[in-house]
Amino acid sequence: MNRLSKKIAVVTDSNSGITQKEAKELGLFVLPMPFMIDDAEYFEDISLTQEGFYAMLEGGASVVTSQPSPDSVMKLWDDLLADYEELVYIPMSSGLSGSCQTAVMLSQEADYAGRVHVVNNQRISVTQRQSCLDALLLAEWGLTGAEIKTFLENDKFNSSIYIMLDTLVYLKKGGRITPAAAAIGSLLKLKPVLTIQGEKLDAFSKARTVSQGKQTIRKDMETRFGGATPENIWLEIAYTKDLETALQFKEELLKEFPEFEIVVQPLSLSVACHIGPGSLAVACCKKIRKEV
């Protein structure tokens, strides 16, 4: 069969921040992620909205992220493989959840071998979203599912998310930092900057103001990517709950990056539950290029 005629479904999970509505508009598919909130199960963008999530989080509810069940993963795959030749599945980073490894094991079963290609490129939220858009473009260029998987995994470190926290409370609740470190950070009014470059959510720097945090981020972007230009970098802002502040931050970024078209997206709830409302993130991804 001519490779250009092969139909490839691009599939991700809601950790990408892609809503069910947006997925239909883009021509891809999203598996909703489950949450346990006060012992009740919810599914992101199905029975759990952004507004409802933050209301429960700020109300002190116990919020725990969970993996999708193998049955829910396989049902989605089976439904799509009835219409598509191959399937490229892009789950959240294997360093932040076991759902990727579960999907890899499922893909090795006889019914899926050679047809389902699980991408472990260690991205989440807006950078995971960009991987999905890249996968659609790669499929349009005629790459097979296996080739798309290889490309995206080789491209995994060509992205970063820099997250500026408004509070350390939620990292403390989740056991991500020590209570002593949280107390000191709050006392000194530090704005921690976390980064996701690969599989882990790591401390990157601390700043006393958002402006200092922004300067720190820009310096790292220019160092890692050899200069941030709209020809080779996608630049995005992600936020938790506070869209107005995110739009104000966009105007600040445009003063430094006036040639960029900066997209503003909400952070996925799986990230938001660990860092809390009021956080801002800058994400950059290197643009892919078609080899002639």
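Definitions and limits used
- Residues numbered from 1 in each chain as written.
- Predicted model: local features only at pLDDT ≥ 70, side-chain atom pairs only at ≥ 80, totals over all residues.
- Heavy atoms only, no water.
- Phe/Tyr/Trp six-rings, centres within 6.5 Å; stacked < 30°, edge-to-face > 60°.
- Helix = DSSP H or I, 4+ residues; strand = E, 2+ residues; numbered from the N terminus.
- Buried < 20%, exposed > 50% of the residue type's maximum accessible area, 1.4 Å probe, protein only.
- Pairing = 2+ DSSP bridges.

Draft legend 1. Representation of the packing of aromatic side chains. According to the stated counting rule, one finds six aromatic pairs in the structure shown. Geometrically, the ring pair formed by Phe-35 and Phe-53 is edge-to-face, given 6.0 Å between the ring centres and 65° between the ring planes. Here Phe-53 lies in helix α2 (residues 50-58) and Phe-35 lies in strand β3 (residues 34-37), a separation of 18 residues in the sequence. Using a relative accessible area of 1% as the deciding quantity, one classes Phe-35 as buried. When the centroid spacing of 5.1 Å and the interplanar angle of 75° are considered together, the rings of Phe-53 and Tyr-54 count as edge-to-face.

Draft legend 2. Representation of the pairing of β3. Sheet analysis places β3 next to strand β4 (residues 40-43), joined by four bridges and oriented antiparallel. Considered in β4, the bridge of Pro-34 is made with Phe-43. Hairpin connection, β3 to β4: the antiparallel pair is bridged by two residues, and Asp-38 has positive phi, about 50°. Both β3 and strand β5 (residues 63-65) contribute to a ladder of three bridges, which runs antiparallel. Bridging from a neighbouring strand, Phe-35 pairs with Thr-65 of β5.

Draft legend 3. Region of interest: unusual backbone geometry. Despite not being glycine, Asp-38 has its phi angle at roughly 50°, a positive value. Here Asp-38 lies in the loop between β3 and β4. The backbone phi angle of Asp-39 is positive, close to 70°, even though this residue is not glycine. Within the fold, Asp-39 resides in the loop between β3 and β4. Overall, Asp-39 belongs to the exposed group, its relative accessible area being 76%.

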